[in-house]
Amino acid sequence: MSEILSSEVVIVGGGVIGAATAYFLCKEGAEVMVIEADDLASGASGACDGFVSLQTKMPGVHLAMALESARLFPSLAEDLEVNIEYNPCGGLMLATSQEQMKELRARAKALKSGGLEVEMLSPAELKEYLPEVGKGIKGGSFCPQDAQVNPISLTLGLAQKAQEMGATILRGCQVENIVVTNNRVREVHTTAGNIHSRRVVCAAGIGSNQIGKMIIVDVPVLPQRGQILVTEQRDPILKCLVSGAEYLGTKANIPELLPTDEEAAKLGLGFTAEQTASGNVLLGSTREFVGFDSNTTPEAMNAIARNAMRFLPWVEDLDVIRSFAGLRPCSPDGLPILGTVKGVKGFYLATGHSGDGVCLAPITGKLLSELVLDGETSLDIEPFSLYRFK
Amino acid sequence: MALPAYECPMVVVGAGPAGLCAALEAAEAGIRALVMDENERGGGQLYKQIHRFFGSRHHGAGKRGFEIAAEMVEGCERAGVEIRLSSAVLGCFPGGELLVDGPEGVYLLRPQATVLATGAAERCFPFAGWTLPGVMGAGAAQTLLNVHGVLPGKRVLMVGAGNVGLIVAYQLLQAGAEVAGVVEAERGSRGYEVHLQRVRREGVPVYFRHRLLAAEGDEGVEAALVESVDEGRVRRFRVDALCLAVGLVPQAELAAMRGCRIAYADELGGFLPWHDREMRTSVPGVYVAGDAAGVEEASVAMDEGRLAAVAAAEDLGALDGARAAAKRKELLARLEGLRGGPTASHIRRARARLNAG
Amino acid sequence: MKERKERKESKEREEGKATGEGGRGAARDALQGGRDDPWTAAWEVSRRKAVAVVDCRQEIPCDPCETACRKGAIRVGDDVCALPISEPETCDGCGRCVALCPGMAIYLIDRSADGGKAAVTVPYEMGEEPRAGMEARVVDGEGKELGRGKILEVRAMGGAAATLLVKVEVPETWALKVRGVRLRQMFIEEPEEVEGYRGTGDCLICRCEEIARAEVEKAAGSGFRSLAALRRASRVGLGYCQGRFCREPLREELARKCGRGVEELGIGSPRPPLRPVKISRLGGGDVRDTQF
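Residues numbered from 1 in each chain as written. Chains lettered and ligands numbered in written order. Predicted model: local features only at pLDDT ≥ 70, side-chain atom pairs only at ≥ 80, totals over all residues. Heavy atoms only, no water.

Novice: Hey, could you run me through the overall build of chain B in this one?
Specialist: Tallying secondary structure elements over chain B gives nine helices and 19 strands in all. Taken over C-alpha atoms, the radius of gyration comes to 21 Å for chain B, in line with the 21 Å a tight globule of 357 residues would show. Taking the principal axes of its C-alpha atoms as reference, chain B extends roughly 65 × 50 × 35 Å. For chain B, contacts bridging at least 24 residues in sequence account for 61% of all contacts bridging at least 6. (Helix = DSSP H or I, 4+ residues; strand = E, 2+ residues; numbered from the N terminus. Rg over C-alpha atoms; globule rule 2.2 N^0.38 Å. Contact = heavy atoms within 4.5 Å.)

Structure representation (structure tokens):
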């Protein structure tokens, strides 16, 4: 141990949540140290699509939080030096059956009452947004507030800005233990040395369970694999985000919207498509509980490709150049786990975003900053408490 | 509606000398291997070699590369080995499946044994102008010359005086191109003296301790700038093509995808799947041979392919221990012979390190 | 010979072998009858008949000359790297070894004709067609032109894709120097001096994503620890070729910047597909109307 490190706040995790938390804490003048076991955006934040999707949120607190987060994106795009490729392009969710249309209609109503703009579209009306859709498409819902961002640039941009404001970022640094005395966090022991700190934010994504164990708290976060295909670059061909109703079905576990095919159900297959600023089309995705295995599988690659042609037949002509898989930190109910833990002062959770990490990062960072520095938040985070689980 | 999947005892990825010899050896042990290759023809790099090969009678030495390739392909046909051409293996998954894109469509193979004989790729280095048309790898130039009968340029500068650079320089001359020179940063050639002499004999100047700085030109290469390392003197060679022969890199991606431990040996081209003397990788049922297991000669690749097949056949129970041991002894002795000379001291060093762990 | 011995000894030292009487070199010395080079004996015998001279000086794994000779006049032995030893008395001058030597390092000399002339037969593999009666440029091992010589005979030998054996008449004093004939003269233009060269500026490192070296250097210098992280940060190597061209230089760049060895950076986690594949193929053909 060459030197004794200390920091007012230690953030465990250099993903989008950790970076956003560091950014907002630094804005308030806090002294911040981010500890990252691998490298920035090396987990789920670097292996996901760029959906900032509001219409997939659960009406209620989840949606309210997402709306708050969405409001923060434009100013982040301004403030960060990195181009985060923020694009308020809107998002389309397609239905493949009248039953799905019915369900989407009901949800649109609920979302509207939660303050979201959602519009139902007939197959003919879809033409305004998409050149061609599959013959089985029965219509869809469009949310103009849905947007797109480059999740890696967002993470790197937030971290870089935090660093400029004084944050220290330790990469390749693993947490070995968190020392708690008199019910308060005192020290974080890491492979880079011991860090004195009275405040520790756990933004460790799928590693949160392991971090929780160090203070004898069970953080119920499980890795859920999502696989994505990346196509060659093309001139803009997708004006907005596109997803299938089954994507929402598998995400929020809505029985009416689950895939009916056995194999698709097994993979948790749900269609997503997004064209990035560089022109690649990202096609998704799956929801699989397979531990920490981040390999892509031939079954999923095939199923995603097949499913994509079902929604957007013209993608058949695109070359797939890469596949990747990310591990979403999933909580039992699919909502984030935010807040303090009982019996350990100075320990905060910002994890379990279950695939909404990119969308909810700005608001999470802001709320955590408030919680750590003021002890209270501008939005009620009680519904996201660890103790909502039995 | 899922991908079609086929079970088979053994798949060999790559129909070059290593892969074809693996398939031939497997056939001798009664295993019908399926050989996959993304090219339209079997034989790997041998197919486009018009020079006579080094090695011994076990390796077809003295014959031209394409002749050796044709003999091996014929041998495979006689032995009932199926070679699937234009079939690219897109992935090798931890479960053991291979994802194939071939004329039949995209499908999965589930072999009990997999021999990765994927060869090596040409190393590239960036310099100003390297994206100009006319700049190409020496291997690519060779394909143009010897497969398509097209001259890469009228006046060519070769970068790299190893065996590949010298052989391709000679073949450029054979096809009627002028070779303005061979540029090499080192003090001498890493290649065989005879290759150097053949090129010199044709009047081609070889510039040792010189390095390429840039390619110039608007729509294609018009000149190359070369600097003498010791004097710092810069000269412009007026050429319309630039061939790079600066080394080969084992293609270890499939092995890495499969979860094989990856080792590093500079002398063998860089990252490669770790393997024991018998060509077993760290993953049971996966074997490696040829340039994919470290860049060496075609003759070495052939014997490595046979060794890999012996190990696979033994592991599959098709070859009893005694017979496998006898075959292995012969092959290992042959390999030791091939690597016995002073020009292979770096290979021996790297192999010793690899075998030690 | 001395040089060869030294090389052998240094190799044996490197491998921890004892240098002793029983080594490979000793066996060859015995076979060669203590002669210092392959030429002395051949020179004498060539007075009477055409004889092969094996100008093979490097111990590389190669022995086709041994099997090429039907008279058993060339021996390599069990050690495929051993230098061949020829026995001029046994050689019948057939030329098969000349045709089959991959290094094109064997030739025939024949001084049986009088008048201070020698006939030298060399292998020829260039595109031009040598014919008897033509004049050819005769060159030495360095490519230096010794002068002109008349082609006496052209034979094809060595399988379907034969090698031409060109017999050329030269002054006897050249007999041991001749290594080849040239039928065309390449015009080797002298490269021009570039005065005051100031560098070429930046260059692309990733051609697909059009990312310049300076950009990569900047990203590599800002603390990324792996090629994967560098790729994420700069998009380098994420284009159509997926880094097939730029992976190695990138790794070297990153290693240099973070003061680590290339091997420490690791190979990364390659993901399928290794080659681009159309969605329609990956998805299993045209299934636009099928339902799950």
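Resuming the write-up.
Novice: Would you mind showing me how to read the overall build of chain A here?
Specialist: Counting secondary structure elements, chain A contains ten helices and 20 strands. Relative to its length of 390 residues, chain A is compact, with a C-alpha radius of gyration of 21 Å against a globular reference of 21 Å. Projected onto its principal axes, the C-alpha coordinates of chain A cover approximately 65 × 40 × 40 Å. Per-residue burial for chain A yields a buried fraction of 63% across its 390 residues. Only carbon and sulfur atoms are counted for the fraction: they give 49% of the accessible area of chain A, which is about 14,200 Å². (Buried < 20%, exposed > 50% of the residue type's maximum accessible area, 1.4 Å probe, protein only. Areas by Shrake-Rupley, 256 points an atom, 1.4 Å probe, with all protein chains shown as cover.)

Novice: What is the right way to read helix H5 (residues 151-164) of chain A from this model?
Specialist: Residue pairs three or four apart in sequence face the same way in an α-helix, which turns once every 3.6 residues. Over its 14 residues, H5 of chain A runs 20 Å from end to end, which matches the ideal 20 Å to within 8%, given 1.5 Å per residue. The buried fraction of H5 of chain A is high, at eleven of 14 residues. All of the buried residues along H5 of chain A are Pro 151, Ile 152, Ser 153, Leu 154, Thr 155, Leu 156, Gly 157, Leu 158, Ala 159, Lys 161 and Ala 162 of chain A. In this structure, the buried residues of H5 of chain A make contact with helix H1 (16-27), helix H2 (61-79), strand E9 (168-171) and helix H10 (357-374) of chain A together with helix H7 (227-234) of chain C. The opening residue of H5 of chain A, the one whose side-chain oxygen lies 3.0 Å from the backbone nitrogen of Ile 152 of chain A, is Asn 150 of chain A. Positive backbone phi, approximately 115°, marks Gly 166 of chain A, located one or two places after H5 of chain A. (Expected span 1.5 Å × (residues − 1). Polar contact = N/O pair within 3.5 Å; in protein donor to acceptor, adjacent residues only side chain to side chain.)

Novice: I would appreciate a short explanation of the packing of aromatic side chains in the present structure.
Specialist: Each pair of aromatic rings is reported with the distance of its centres and the angle of its planes. As enumerated under the stated definition, the model contains ten aromatic pairs over all chains in all. Relative to Phe 311 of chain A, the ring of Phe 271 of chain A lies with its centre 4.6 Å away and its plane at 5°, an arrangement referred to as stacked. You can see Phe 271 of chain A sitting in the loop between helix H8 (262-267) and strand E16 (272-275) and its partner Phe 311 of chain A sitting in helix H9 (residues 298-311), a full 40 residues away along the chain. Like Phe 311 of chain A, Phe 271 of chain A is buried. Seen in terms of ring centroids, Tyr 264 of chain B and Phe 271 of chain B are 4.8 Å apart; in terms of plane orientation they differ by 70°. Their pairing is edge-to-face. The exposure class assigned to Tyr 264 of chain B is partly exposed, which follows from its relative accessible area of 25%. Positioned over the ring face of Phe 245 of chain C is Arg 207 of chain C, at 5.9 Å from the centre of the ring. (Phe/Tyr/Trp six-rings, centres within 6.5 Å; stacked < 30°, edge-to-face > 60°. Lys NZ or Arg CZ within 6 Å of the ring centre and 35° of its normal.)

Novice: What's the story with the environment of Lys 390 of chain A in this structure? I'm lost.
Specialist: With respect to the helices and strands, the residue Lys 390 of chain A is situated in the segment after H10. Its relative accessible area of 98% is what places Lys 390 of chain A among the exposed residues.

Novice: Please clarify how the sheet that holds strand E9 (residues 155-159) of chain B should be interpreted in this entry.
Specialist: Paired through backbone hydrogen bonds, the strands of a sheet run either parallel or antiparallel to each other. Residue and element names in this part refer to chain B. In spatial order, the strands read E8-E15-E9-E10-E11; together these five strands make up an open sheet with parallel pairing. Each having just a single partner strand, strand E8 (135-137) and strand E11 (206-208) make up the two edges of the open sheet. On average, each strand axis in the sheet is tilted by 20° relative to the strand beside it, whichever way the strands run. Pairing analysis gives five bridges linking E9 to strand E10 (residues 178-184), with the strands arranged parallel. In the sheet register, Val 156 faces E10, and the bridge partner there is Val 179. Sheet strands touched by helix H3 (residues 138-146): E8, E9 and strand E15 (241-244). Its angle to E8, the strand with the most contacts, is close to 90°. Sitting on the sheet, helix H4 (residues 163-174) touches E9, E10 and E15, and the angle it makes with E9 is about 170°. (Pairing = 2+ DSSP bridges. Axes fitted to C-alpha atoms, helices over the stretch in contact; angles between N-to-C directions.)

Novice: Teacher, can you tell me more about the interface of chain A and chain B here?
Specialist: One frequently used descriptor of interface size is the decrease in accessible area upon assembly of the parts. In this assembly, nine residues from chain A lie in contact with ten residues from chain B. Here chain A is connected to chain B by zero residue pairs in polar contact (both at pLDDT 80 or more). Here the side of chain A that touches chain B takes five residues from H9 of chain A, the largest share from any one element. Residues of the side of chain A that touches chain B, tallied by class, amount to two nonpolar, four polar and three charged. (Nonpolar A, V, L, I, M, F, W, Y, C, P; charged D, E, K, R; others polar.)

Novice: Would you mind showing me how to read the domain arrangement of chain B here?
Specialist: All names here are of chain B. When cut into domains, chain B gives domain 1 (5-121 + 248-355) and domain 2 (124-244). Computed from C-alpha coordinates alone, the two centres of domain 1 and domain 2 are separated by 30 Å. Each side of the interface is counted separately: domain 1 has ten residues, and domain 2 has 14 residues. Where domain 1 touches domain 2, the interface holds zero salt bridges. Between domain 1 and domain 2 we count six residue pairs in polar contact (both at pLDDT 80 or more) in total. Among the residues making up the side of domain 1 that touches domain 2, the classes are represented as four nonpolar, three polar and three charged. (Domains from an automatic or database assignment. Salt bridge = Lys/Arg side-chain N within 4 Å of Asp/Glu carboxyl O.)

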